[in-house]
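Here is how the chains run, residue by residue.
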Amino acid sequence: MAEPMRIRATMAGDAADVKVLMNHPMETGLRKDAKTGQLVPAHYISEVTAALNGTPVLKGGMSGGVSKNPYLGFKIKGAKAGDKVTVNWVDNTGDKNSAEATIA
Amino acid sequence: MNALRRNVLKGATGAGAVAVAVAAGLLKPTQVLAAPRSAFEAKDLAGAMSGLGATGAAESKDITIKAPDIAENGAVVPVEVTSAIAGTSSIAIIAEKNATPLVADFDLMGGTQPFISTRIKMGQTALVRAVVTAGGKNYTATKEVKVTIGGCGG
């Protein structure tokens, strides 16, 4: 089971500033294990979606080229304090996680 | 009948991740990602650009890439892309010399502003390229990032 992720959403002017930290190793599948010399199997978040009060606002694809424990920041115009932002991710092994934050 | 079964199986692997999102009520089944998975597997810039459907994208000064001039650690390079192009609907980030150059691609909808901030890995000094889709057209911009320690090897 995936570790919890962190999400924070605050109002900045007329847009909500959303910052998400996902806990994930983001293995490219190209890196070798220093001890065994074997390739470490690919394990990365392949898809991220975000929604504001259930309406999709962002949908992204990622490769192993995103840093370990990916950070994602985006801004939603027209959101207001008290709205709920949900972020979901799915990785290449089918593991998934989601988190929700209330815009402050 | 067998051929049909084959197609269903093939479809199932790729659709797995999407199905989860559909089940979560976030994606409507009609929506598809701008970049197919194959774009992420492309081994060179040309492959990544054609995977995005952005071959021949026009250079644009309206795209701002904020990234360090020199990245001490290639494993974590902060990148921010802002587009001032009206109607921006997607932003993709490419590290040109990475083994698989396409790093991420984001479709923006609803009230999401044309801004993405994330952190990427870079194997070596290279151009970071942003590809923006707006009104069915593609625009691109680059910024060089010097990498002192690569972040893709072991």
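Residues numbered from 1 in each chain as written. Chains lettered and ligands numbered in written order. Predicted model: local features only at pLDDT ≥ 70, side-chain atom pairs only at ≥ 80, totals over all residues. Heavy atoms only, no water.

Counting residues at the interface gives 37 residues for chain A, matched by 38 residues for chain B. For the pair chain A and chain B, the two sides together bury roughly 3200 Å², of which 57% comes from carbon and sulfur. Across the contact surface, chain A and chain B share 1 salt bridge. Between Asp107 of chain B and Lys59 of chain A there is a salt bridge; the shortest N-O distance is 3.9 Å. (Contact = heavy atoms within 4.5 Å. Buried area = accessible area lost by both parts, 1.4 Å probe. Salt bridge = Lys/Arg side-chain N within 4 Å of Asp/Glu carboxyl O.)

Below, the discussion takes up the packing of aromatic side chains. Tallying each qualifying case throughout the model produces 0 aromatic pairs over all chains. When the ring centre of Phe115 of chain B is taken as origin, the NZ or CZ atom of Lys75 of chain A, which lies over that ring, is 4.1 Å away. The lysine or arginine in question, Arg37 of chain B, covers the ring of Phe40 of chain B, its NZ or CZ lying 4.3 Å from the ring centre. (Phe/Tyr/Trp six-rings, centres within 6.5 Å; stacked < 30°, edge-to-face > 60°. Lys NZ or Arg CZ within 6 Å of the ring centre and 35° of its normal.)

Residue and element names in this part refer to chain A. For strand S2 (residues 15-21), the buried fraction is high: 5 of the 7 residues fall into the buried class. As paired strands, strand S1 (residues 6-12) and S2 are joined by 7 bridges and run antiparallel to one another. What sits directly across from Arg6, in S2, is Leu21. Across 7 bridges, the pairing between S2 and strand S5 (residues 71-77) is antiparallel. Within S5, the residue paired with Val20 across the bridge is Leu72. (Buried < 20%, exposed > 50% of the residue type's maximum accessible area, 1.4 Å probe, protein only. Helix = DSSP H or I, 4+ residues; strand = E, 2+ residues; numbered from the N terminus. Pairing = 2+ DSSP bridges.)

The values are spatial; any link to function lies outside them.
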